Amino acid sequence: MTKQLFESVKLNKSGVTLKNRIVMAPMTTMSSFFDGSVTDELINYYGARAGEAAMIIVESTFIEDYGRAFDGSLGINKDTQIEGLAELAKAIKDKGSKAIIQLYHAGRMGKSTLNKGRKPIGASTVKALRDDAEEPEALTAEQVEEMIAHFGDAARRAMEAGFDGVEIHGANTYLIQQFFSPHSNTRDDEFGGDVEKRLTFGRRVIREIEAMKEKLGKHNFIVGYRFSPEELEKPGITFQDTMLMLNTFAHECIDYFHFSLNDYKRGSIIDTEDIECLIHKYHKNKSTALGEIPVIGSGGIWEKTDAEEALETGFDIVSVGKAHIVNPDWAEKIKNGDPIDRKIDGEREDYKIPRPFWNSVGFLKK
Ligand SMILES: Cc1cc2nc3c(=O)[nH]c(=O)nc-3n(C[C@H](O)[C@H](O)[C@H](O)COP(=O)(O)O)c2cc1C
């Protein structure tokens, strides 16, 4: 049967039902206070985008004091952040969307200038492939355990702040992906080695969050997982590795998997001759358990027809990023058949975009 955008979707692990198949993609706004706490501008920005969308996924939020990848990053690293985060969650929920927050640690993508002079840390001492990358310090066995506990604490803060769920950021080259990647992880303990061992860190993070759900009795707290399907580094993550990881994680408390893509129809970035959509390969290689978990597609969805095509191509839910910056009420416009704007044509206040973010969205202005 054809999937409809405005029909509900059940998340099987938490038992939560989403009212439709539309979510706002997580997008870093770099608009928090210097210590990562929430600003009024952020609350207004997210509140303005909540409503018709089933879930608003709040941007990447650092879970430990030295985990920032950029200035103005939002933080969920201390209990003192909970009060501001609670206002943010409320602004989203009061408008009728589920509030999800994305949890990340920069790992080797961090910089000492962003993290109080401290060297970045990583699975191993391998530098990222970019000009200004610093050589990370490899986490000791004890520090790995502490880092897993930090993810659990961050999830607890999200629960206490009233969020409906968290999205584990296993994508975009941050720490969780670094543990999965054969480029950045050359460890020889239980967290490194073959692909099964490299997925151990991600699985432990998931289990830590599940244990926190149990402890706080938050059985219907949503847990999503975002991943980058492949890596250009050599050696790097292959789609085969990714499918093994997803088929394994399907047995954990994951409510949805979220592809991190800039084009939902994309084929391989490693073998550019191979143009078969990754979502088609996903369906060919998924286990029965994975088939029961909704999968979110992202990248280049602006019009209703794009969203419908993404569903037809094999995704269960669409995540919409840039179109939500330009059209705060994107899902409502789609529902009503109103035209979608491609460019920002007005003042910052009209779009409720925080000041620091306004400066970086020039490419979306008319
Ligand atoms: C300004 C900006 C910030 C982003 N920040 C994040 C982020 O914090 N976490 C994440 O997983 N993806 C991030 N992304 C990727 C988006 O979630 C999304 O996958 C991408 O923009 C493609 O979707 P779109 O074409 O609908 O924008 C960001 C994208 C943009 C444009």
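Quick notes on the rules
- Residues numbered from 1 in each chain as written.
- Predicted model: local features only at pLDDT ≥ 70, side-chain atom pairs only at ≥ 80, totals over all residues.
- Heavy atoms only, no water.
- 1 Å grid on protein atoms, 1.4 Å probe; cavity = no way out; pocket = protein on both sides within 12 Å on 5 of 7 lines; lining within 4 Å.
- Points joined across faces, edges and corners; volume = space filled by probe spheres on them.
- Helix = DSSP H or I, 4+ residues; strand = E, 2+ residues; numbered from the N terminus.
- Nonpolar A, V, L, I, M, F, W, Y, C, P; charged D, E, K, R; others polar.
- UniProt positions renumbered as here; feature names shortened; annotations may be inferred.
- Buried < 20%, exposed > 50% of the residue type's maximum accessible area, 1.4 Å probe, protein only.
- Pairing = 2+ DSSP bridges.
- Salt bridge = Lys/Arg side-chain N within 4 Å of Asp/Glu carboxyl O.
- Near = heavy atom within 4 Å.
- Polar contact = N/O pair within 3.5 Å; in protein donor to acceptor, adjacent residues only side chain to side chain.
- Areas by Shrake-Rupley, 256 points an atom, 1.4 Å probe, with all protein chains shown as cover.
- Sits in = over half its atoms within 2 Å of the grid points.
- Axes fitted to C-alpha atoms, helices over the stretch in contact; angles between N-to-C directions.
- Parallel < 35°, antiparallel > 145°, perpendicular 65-115°, else oblique.
- Left-handed = near helix turned anticlockwise from the far one by under 90°.
- Contact = heavy atoms within 4.5 Å.

### Re the layout of surface pockets
Consideration 1: Size it by volume and the largest pocket reaches roughly 860 Å³.
Consideration 2: Elements represented by at least two residues in the lining of the largest pocket include exactly β4 (55-62), β13 (317-320), α11 (322-326) and α14 (355-360).
Consideration 3: Considered class by class, the residues forming the lining of the largest pocket number 18 nonpolar, 16 polar and seven charged.
Consideration 4: A volume near 150 Å³ is recorded for the second largest pocket.
Consideration 5: Around the second largest pocket, the lining is made up of 10 residues, and of these Lys3, Gln4, Leu5, Glu308 and Leu311 lie nearest the centre.
Consideration 6: Grouping the constituent residues of the lining of the second largest pocket by class yields four nonpolar, two polar and four charged.

### Digging into the UniProt feature "domain: NADH:flavin oxidoreductase/NADH oxidase N-terminal" (unreviewed entry) in the protein
Consideration 1: Within this numbering scheme, the UniProt entry marks residues 5-337 as carrying the feature "domain: NADH:flavin oxidoreductase/NADH oxidase N-terminal" (unreviewed entry).
Consideration 2: Taken as a whole, residues 5-337 contains 35% helix and 16% strand, while its terminal C-alpha atoms sit 13 Å from one another.

### Let's talk about the pairing of strand β10 (residues 222-227)
Consideration 1: Summarising burial for β10: six of the six residues are buried, a large majority.
Consideration 2: Where strand β9 (residues 165-170) meets β10, six bridges bridge the pair, whose relative direction is parallel. Residue pairing across strands places Gly170 opposite Phe227, the latter belonging to β10.
Consideration 3: The pairing of β10 with strand β11 (residues 256-259) spans four bridges and is parallel.

### Observations regarding the pattern of salt bridges
Consideration 1: For the structure on display, the rule yields 25 salt bridges.
Consideration 2: We note a salt bridge from Asp153 to Arg156, for which the minimum N-O separation is 3.8 Å. Pair noted here: Asp153 and Arg156 are both in helix α3 (residues 141-160), with a separation of three residues, about one helical turn.
Consideration 3: Residue class for Asp153 comes out partly exposed when judged on its relative accessible area of 26%.
Consideration 4: Among the charged side chains, a salt-bridge network with shared partners connects Asp79, Asp153, Arg156, Arg157 and Glu160.

### What to know about the site of the ligand
Consideration 1: Of all residues adjacent to the ligand, which total 17 residues, the nearest are Pro26, Thr28, Gln102, Arg226 and Gly300.
Consideration 2: In this structure, an oxygen atom belonging to the ligand sits 2.8 Å away from a side-chain N or O atom of Arg226.
Consideration 3: Here an oxygen atom of the ligand and a backbone polar atom of Gly321 are 2.8 Å apart.
Consideration 4: When the free accessible area of the ligand is taken as 600 Å², the share hidden by the protein chains comes to 84%.
Consideration 5: Mapping the ligand onto the cavity grids shows that it belongs to the largest pocket.
Consideration 6: In the shell around the ligand, the residues fall into six nonpolar, nine polar and two charged.

### A word on helix α1 (residues 40-49)
Consideration 1: All buried positions along α1 are accounted for by Leu42, Ile43, Tyr45, Tyr46, Gly47 and Arg49.
Consideration 2: Positive phi shows up at Gly51, right after α1, with a value of about 140 degrees.

### Here we look at the packing of α1 against helix α2 (residues 82-94)
Consideration 1: In contact at an axis separation of 8 Å, α1 and α2 are set at 20 degrees when each is read in the N-to-C sense. Accordingly, the angle class assigned to the pair α1 and α2 is roughly parallel. The two elements α1 and α2 meet at a crossing, and its hand is right-handed. Here Leu42, Ile43, Tyr46 and Gly47 of α1 lie close against α2, whose contacting residues are Glu87, Leu88, Ala91 and Ile92.

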